[in-house]
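Topology and contacts: notes
Listed below, chain by chain, are the residues.
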Amino acid sequence: MPEPAQENPYPDSLTPGGGPAPHPQLAPVLALLGRWHGRGRGEYPTLEQGFRYEQEITFSHDGRPFLRYESRAWLIDESGAPLRPSGRESGWWRVMPDASLEVTLAHPTGIVETYVGRVSGTEIEIETDHVARTPRAKEVTGMRRRYSLADGELTITQEMAAMGQPMRHHLRAELGRRED
């Protein structure tokens, strides 16, 4: 029988006052903490048509100088009814003392991306430094993302270079903070 274990003494926090104190290096990204939910639209030249989706994103911390990140999305029809699961990714956002970022994201489709970027006020821009793929993963060669915070809304735009296409617009979503 396994030895009894205590409850995790270092839980993640979704709010600056809801758990361990945030590391001082997180100051530029504290406004991201929490759960976000909203809708977006996507397109890409290799797709027959554009699409609509809903997305949930969670940012949390455990007192160290990085954020835990998780995103889930699902396709919706024109009336907003869910159709099927879509993009999913999780990873870590490391915040450096100079407000630069190093981000690592993994996708269940066999793609792992490392990003570098910067926080500038309410704007965050990151771009892939490296993309690794499993042998059967879709060809993705680069990504660029912009996160903008304004009036309690998180707007995310994403460009992608994939399937022989140059870097071009792929996704745009507007998310609001969830208080649940």
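Above this note sits the structure.
First, a word on what this report is: a plain description of the structure on this page. As the structure is a prediction and not an experimental result, all values here were calculated from the model. (Residues numbered from 1 in each chain as written. Predicted model: local features only at pLDDT ≥ 70, side-chain atom pairs only at ≥ 80, totals over all residues. Heavy atoms only, no water.)

A few words on the sheet that holds strand β10 (residues 168-178). If you walk around this closed barrel you meet the 10 strands as β1-β2-β3-β4-β5-β6-β7-β8-β9-β10, and the pairing is antiparallel. Pairs of neighbouring strands in the sheet enclose a mean axial angle of 25°, with direction left out of account. (Pairing = 2+ DSSP bridges. Helix = DSSP H or I, 4+ residues; strand = E, 2+ residues; numbered from the N terminus. Axes fitted to C-alpha atoms, helices over the stretch in contact; angles between N-to-C directions.)

Applying the stated criterion across every chain, the model contains six aromatic pairs. Judged by centre distance (5.3 Å) and plane angle (55°), the rings of phenylalanine 59 and tyrosine 69 are tilted. Within this pair, whereas phenylalanine 59 is found in strand β2 (residues 51-60), its partner tyrosine 69 is found in strand β3 (residues 66-76), the two being separated by 10 residues in sequence. Each member of the pair, phenylalanine 59 as well as tyrosine 69, is classed as buried. Ring plane angle 90° and centroid distance 5.1 Å describe the contact between phenylalanine 59 and tryptophan 93, whose orientation is recorded as edge-to-face. One end of the pair, phenylalanine 59, is in strand β2; the other, tryptophan 93, is in strand β4 (residues 82-95), with 34 residues separating them in the sequence. By relative accessible area, phenylalanine 59 is classed as buried at 0%. (Phe/Tyr/Trp six-rings, centres within 6.5 Å; stacked < 30°, edge-to-face > 60°. Buried < 20%, exposed > 50% of the residue type's maximum accessible area, 1.4 Å probe, protein only.)

Next up on the list: the pairing of strand β9 (residues 153-162). The buried count for β9 comes to seven of 10 residues, which makes it a mostly enclosed element. The pairing of strand β8 (residues 140-150) with β9 spans 10 bridges and is antiparallel. Looking across to β9, one finds that tyrosine 147 is bridged to isoleucine 156. Joining the antiparallel neighbours β8 and β9 is a turn of two residues, in which aspartate 151 adopts a positive phi near 50°. As judged from the eight bridges shared by β9 and β10, these two strands associate in the antiparallel manner. Paired with threonine 155 across the strands is glutamate 174, a residue of β10. Between β9 and β10, which follow one another and run antiparallel, lie five residues, and methionine 163 among them has a positive phi close to 50°.

Turning our eyes to something else, we now look at the layout of surface pockets. Its boundaries defined by the atoms lining it, the largest pocket holds a volume of some 860 Å³. Sorting the residues of the lining of the largest pocket by element identifies β2, β3, β4, β6 (111-120), β8, β9 and β10 as the ones contributing at least two each. It is β4 that provides the largest number of residues to the lining of the largest pocket, a total of six residues. Looking at the lining of the largest pocket residue by residue, the class counts come to 19 nonpolar, nine polar and seven charged. A volume near 150 Å³ is recorded for the second largest pocket. Those elements giving two or more residues to the lining of the second largest pocket turn out to be β1 (34-42) and β10. A breakdown of the residues in the lining of the second largest pocket according to their chemical character gives five nonpolar, two polar and five charged. (1 Å grid on protein atoms, 1.4 Å probe; cavity = no way out; pocket = protein on both sides within 12 Å on 5 of 7 lines; lining within 4 Å. Points joined across faces, edges and corners; volume = space filled by probe spheres on them. Nonpolar A, V, L, I, M, F, W, Y, C, P; charged D, E, K, R; others polar.)

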